[in-house]
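Residue-level listing of the chains:
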Amino acid sequence: MLEIINFSKVYRNGKQAVKGLNLTIEEGDLFAFIGHNGAGKTTTIKAIVGILDFEEGDILIKGVSVKKDPIFCKKQIAYIPDNPDLYDNLTGIQYLNLIADIFEVPKMQRAEIITKYAKMFELTSELNNFISSYSHGMKQKLAIISAMVHSPKILILDEPFVGLDPKAAFSVKQMMKEFCANGGSIFFSTHILEVAEKLCNKIAIIKNGELIAMGNMEDITKDASLEDVFLELTEHA
Amino acid sequence: MRKTWRLVYNYLLTFIGSFISKRRNARFAVGVLFVLGIGALMVFLFTNTAIATTVKFAQLGVPELAMYSNSFMAILIILFLTVMRSALPAKTTDEQLLLSLPIKKTQIILAKSLFNYLFDFLSLLGILFPSYIVYAVINRAGIALVFRGLLITALLPLFSNALATLIAMLFQKIATSFRNFSLVQTFLILLLIGGYVLASYALNDYLVSNTDLNAVLNRFKPMKWIMTFVLNGTLLSLLWIALISIGTYVISISLRVTVFGKEVKSYRSKKNDLNFNAKAPLWSLYQKEIKYYFSVPIYVINTIFGAIMYVGLAIVLLFIKQQTIIDIMSSMNIGASGAELAFILAAGCIIITTVCTTSSAISLEGKHLWILKAHPVKVRDVFLSKILVNMTLTTIPILLVAPVLGIKYGLANIWMFVLIPFLASLVIAILGLYFNLLFPKLEWESEMQPVKQGLSVMVSLFFGFAFVILPFVLYFAFLVNRINYLWFALMLLGYFAVWVAGSYFLLLKNGKTQFERL
């Protein structure tokens with residue numbers, strides 16, 4: 001579904017953010033990507049979704065390179081950033097319609113999906129208001145709804161639980177499980193190790209741009225907690 | 001006061017940091033030199049004008065008229081600064097941080113205001129202050145006059161800052177009662193600018209038509225105070241100027257302090273039904289662009305006046321006899337038949353190409369750029385949506401004006417009044433976008449930074465002027481008596497068409513790569 005092959009990224013200021021990263025995310029995988037601040041998580045995510053260009057390595061979505069056919073790849077995925085800056089001068093529904101128009105989602109389908117998720121996140125009554133009046137959590141919820149509007153195959157989430165209230169965080173977790181149970185794949189970064197441990201079947205740990213562990217959750221953690229394993233690996237690797 | 005100055009220093013550091021933190025390449029250095037060059041040129045031009053005016057009036061034996069002219073300029077500048085500051089209501093990103101620190105609200109507001117004041121003061125120092133130096137040197141008026149001029153230069157921005165704050169607060173109060181509050185705010189600011197233009201004309205008309213200087217000064221006190229203080233050091237005049245400047249400044253600071261940190265009331269929709277209408281991606285992007293354009297007052301102000309002036313030009317031409325234009329051209333030794341049409345086309349093209357929304361359109365995406373980059377939007381559609389906004393603003397006046405000019409200058413010539421300005425505008429729209437891709441300014445706190453201070457905006461403006469004027473200069477210099485104006489119009493059409501094709505190719509080829517690199 002999603003394959004990262006020997007991906008490296010060096011910024012213009014000379015900083016090597018990621019070095020020779022290899023990852024494979026299969027259908028139905030709920031894949032957590034963890035690491036310290038500045039380890040290279042967001043760089044990797046931004047390269048997958050096409051925000052950041054890169055010279056070395058390749059990223060394939062359904063076997064197609066994001067460099068060669070970015071439009072096809074972007075149609076398969078949905079991305080939710082950690083701090084979504086949305087168009088403040090649009091109303092919530094105008095923003096959702098813009099994203100649905102970009103994905104060419106028919107009217108009936110978008111109405112069904114938006115209604116479902118807006119109800120789930122208790123955002124329906126706010127959708128006719130301007131985004132400028134939304135709180136951080138509401139913007140996050142709106143970004144999640146916009147990500148689901150075209151029924152993507154892969155979800156790429158950067159710190160998806162930041163700013164969400166407990167009920168919304170629970171709904172997002174349920175949505176993620178349901179999404180993967182229906183054959184979708186999720187690749188997300190998080191600092192909340194308990195959530196990653198409970199939710200995910202696969203995990204990758206990155207330190208200073210290099211992968212230091214990757215595999216099934218049980219194989220990585222064994223009898224220890226993910227927190228212990230993470231601290232052990234990042235301090236001694 | 002120590003904390004206030006520390007905050008001002010902090011804003012200065014942030015301002016300087018925004019220039020030097022990210023870009024250290026040669027292109028950036030060229031950009032900085034370009035901006036500094038423009039600044040130096042402005043100071044040079046204003047100083048030169050001041051020298052010419054002062055020498056002229058000194059020779060006529062009425063040197064005080066030079067001071068009268070300077071005072072008039074000072075009044076116009078403070079009104080202009082007021083209007084510009086009103087169009088840029090203060091946006092803060094550090095409000096919560098500062099409120100959580102042990103600093104008084106008054107100190108915070110004062111620091112923010114002084115930082116703005118600093119820019120206005122420096123502008124006046126370059127524009128107005130040289131005229132006082134010139135006056136003192138030419139008329140041997142002594143150093144005291146220069147110091148008094150400096151004091152006036154320092155006091156006036158306080159008034160413009162204060163008045164702008166009061167106007168902006170009033171506009172915000174009115175606008176937030178409406179659903180599309182940002183559109184209402186833009187409209188109110190356009191009204192304010194219209195008012196400024198009318199007031200400037202009225203003031204100018206009044207001052208020019210009244211030959212009795214004393215009568216004028218007695219009628220229009222602010223000018224009298226400025227003049228009598230700078231010329232004679234009349235303390236009562238200074239008192240009045242200080243009272244008005246500092247008084248309004250204190251009031252504005254107090255009012256800002258009362259609202260600082262308070263939640264801004266925003267309109268809440270009572271509509272419950274949701275509209276799920278589907279549109280083509282390009283159309284949807286275009287609608288987003290149009291909404292954004294009209295919701296940013298400074299963006300509108302900086303770009304729409306060319307369109308308004310284009311209509312104004314048609315109105316003026318409607319009332320001017322064709323023979324008058326022919327006579328003007330004859331006085332320049334241009335007597336060829338139809339050359340007046342080329343003259344009108346030149347004026348029209350120069351005016352319409354000042355409308356360039358695209359030269360800051362990419363920069364204005366700012367933090368939202370991820371939306372366009374992470375979604376399956378064709379880069380071509382992004383470009384077209386931005387070009388279409390520009391063309392909407394120019395095509396409407398072009399289509400309105402063409403029949404009017406056709407009636408006056410021959411219906412058979414309508415095609416040239418439509419196609420030539422349209423193509424000229426299209427070239428600038430495309431190239432403006434390309435320049436913005438070359439010189440993007442994606443990190444900003446206020447829209448003023450990319451719209452007014454962006455390098456791409458300045459490059460587009462200068463390039464646009466040069467590229468439009470070139471064929472007309474060549475025509476009037478070498479071809480006017482050799483070829484029929486119709487042939488020139490056809491050549492012009494070809495010239496712009498080639499530029500459209502070339503620049504569009506450049507945009508899709510290099511511009512696309514630049515966009516992907518952002």
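What counts, and where the lines are drawn
- Residues numbered from 1 in each chain as written.
- Chains lettered and ligands numbered in written order.
- Predicted model: local features only at pLDDT ≥ 70, side-chain atom pairs only at ≥ 80, totals over all residues.
- Helix = DSSP H or I, 4+ residues; strand = E, 2+ residues; numbered from the N terminus.
- Rg over C-alpha atoms; globule rule 2.2 N^0.38 Å.
- Buried ≥ 20, exposed ≤ 12 C-beta atoms within 10 Å, placed from the backbone.
- Contact = placed C-beta atoms within 7 Å.
- Pairing = 2+ DSSP bridges.
- Axes fitted to C-alpha atoms, helices over the stretch in contact; angles between N-to-C directions.
- Nonpolar A, V, L, I, M, F, W, Y, C, P; charged D, E, K, R; others polar.
- Parallel < 35°, antiparallel > 145°, perpendicular 65-115°, else oblique.
- Left-handed = near helix turned anticlockwise from the far one by under 90°.
- Domains from an automatic or database assignment.

Caption draft 1: Structural view of the overall build of chain A. Across its full length, chain A holds nine helices and ten strands. In summary, chain A has a C-alpha radius of gyration of 18 Å against a globular reference of 18 Å for 237 residues, a match within 12%. With the principal axes as the frame, chain A shows a C-alpha extent of 50 × 40 × 35 Å. Looking at the 237 residues of chain A, the share that counts as buried comes to 47%. Of the contacts made within chain A by residues no fewer than 6 positions apart, 71% connect residues no fewer than 24 positions apart.

Caption draft 2: Just the overall build of chain B, in detail. If you tally the helices and strands in chain B, you get 21 helices and zero strands. Whereas a compact globule of 518 residues would reach a radius of gyration of roughly 24 Å, chain B reaches 26 Å, a difference of no more than 12%. Residues counted as buried form 38% of the 518 residues belonging to chain B. Look at the contacts in chain B between residues 6 or more apart in sequence, and 82% of them connect residues 24 or more apart.

Caption draft 3: Examining the sheet that holds strand S8 (residues 185–189) of chain A more closely. Residue and element names in this part refer to chain A. Sheet architecture is open: six strands sit in the order S6-S7-S8-S3-S9-S10, paired in mixed fashion. Edge positions in the sheet fall to strand S6 (77–80) and strand S10 (210–216), since each has one partner strand and no second. Strand-to-strand twist in this sheet, taken as the mean axis angle between neighbours without regard to direction, amounts to 15°. Pairing of strand S7 (residues 154–158) with S8, which is carried by five bridges, proceeds in the parallel orientation. Paired with Ile156 across the strands is Phe187, a residue of S8. Sheet strands in contact with helix H5 (residues 136–148) are S6 and S7, and its direction is about 175° off that of S6.

Caption draft 4: Spatial organisation of unusual backbone geometry. A positive phi angle, near 55°, is found at Lys222 of chain A, a position not held by glycine. Relative to the elements of secondary structure, Lys222 of chain A occurs in the loop between helix H8 (217–221) and helix H9 (226–236). Its 7 C-beta neighbours within 10 Å are what place Lys222 of chain A among the exposed residues. Although it is not a glycine, Arg140 of chain B sits at a positive phi angle of roughly 50°. Mapped onto the secondary structure, Arg140 of chain B falls in the loop between helix H6 (129–138) and helix H7 (143–175).

Caption draft 5: Seen up close, the environment of Ser189 of chain A. Residue and element names in this part refer to chain A. Here Ser189 shows up in strand S8. Taking the C-beta count within 10 Å as the criterion, Ser189 has 24 such neighbours and is therefore assigned buried. For the pair Ser189 and Lys46, spaced 143 residues apart in sequence, the C-alpha separation works out to 12 Å. With residues up to four places along the chain from it excluded, the contact list for Ser189 reads Phe33, Ile34, Lys41, Thr42, Ile45, Asp158 and Glu159.

Caption draft 6: Quick look at the sheet that holds strand S5 (residues 64–65) of chain A. Residues and elements named next belong to chain A. The four strands are arranged S2-S1-S4-S5 in an open sheet whose pairing can be described as antiparallel. Of all the strands in the sheet, the pair left with one neighbour each is strand S2 (16–25) and S5. By the bridge criterion, six bridges tie strand S1 (residues 2–10) to S2 in an arrangement that is antiparallel. Directly across from Val10, in S2, lies its bridge partner Gln16.

Caption draft 7: The interface of chain A and chain B, seen in detail. On the chain B side, the residues contacting the 33 residues of chain A number 28 residues. Those elements that provide at least two residues to the side of chain A that touches chain B are helix H2 (70–76), helix H3 (92–102) and helix H4 (107–120) of chain A. Examining the composition of the side of chain A that touches chain B, we find that seven residues originate from one element, H3 of chain A, more than from any other. Among the residues forming the side of chain A that touches chain B, the class breakdown is 18 nonpolar, seven polar and eight charged.

Caption draft 8: Quick peek at the packing of H7 of chain B against helix H11 (residues 235–259) of chain B. Residues and elements named next belong to chain B. For the pair H7 and H11, interaxial distance at closest approach is 8 Å and the crossing angle is 40°. Here H7 lies oblique to H11, going by the angle between them. The chirality of how H7 crosses H11 is left-handed. Between H7, through Ile152, Leu155, Leu156, Leu158, Phe159, Asn161, Ala162, Leu163, Thr165, Leu166 and Met169, and H11, the contact on the second element is made entirely by Ile241, Ala242, Ile244, Ser245, Ile246, Thr248, Tyr249, Ile251, Ser252, Leu255 and Arg256. Tallied by class, the residues present in the contact of H7 with H11 amount to 16 nonpolar, five polar and one charged.

Caption draft 9: Summary view of the pairing of strand S3 (residues 30–35) of chain A. Residue and element names in this part refer to chain A. Burial analysis of S3 places six of its six residues in the buried class, which makes it a mostly covered element. Side chains of S3 alternate between two faces, with Leu30, Ala32 and Ile34 and Phe31, Phe33 and Gly35 buried alike. Strand direction decides the pairing type here: S3 and S8, joined by four bridges, are parallel. Within S8, the position partnered with Ala32 by the bridge is Phe188. Here S3 pairs with strand S9 (residues 202–207) via five bridges, running parallel. Residue pairing in the sheet places Gly35 in a bridge with Ile206 of S9.

Caption draft 10: A look at the packing of helix H15 (residues 339–352) of chain B against helix H18 (residues 414–438) of chain B. All names here are of chain B. Packing of H15 against H18 leaves a shortest axis separation of 9 Å and a crossing angle of 35°. In terms of crossing hand, the pair formed by H15 and H18 is right-handed. The residues of H18 that touch H15, namely those facing Leu345, Gly348, Cys349 and Ile352, are Met416, Ile420, Pro421, Ala424 and Ser425. Of the residues belonging to the contact of H15 with H18, the class tally is seven nonpolar, two polar and no charged.

Caption draft 11: Spatial organisation of the domain arrangement of chain B. Residues and elements named next belong to chain B. What the domain assignment lists for chain B is domain 1 (2–259) and domain 2 (281–517). Each of domain 1 and domain 2 has a C-alpha centre, and the two are 31 Å apart. Taken together, the 14 residues of domain 1 in the interface contact twelve residues of domain 2. Where the side of domain 1 that touches domain 2 is concerned, the elements lending two or more residues are helix H2 (26–59) and helix H8 (181–209). Considering every element that reaches the side of domain 1 that touches domain 2, the biggest residue donor is H8, with seven residues. The residue makeup of the side of domain 1 that touches domain 2, split by class, is eight nonpolar, five polar and one charged.

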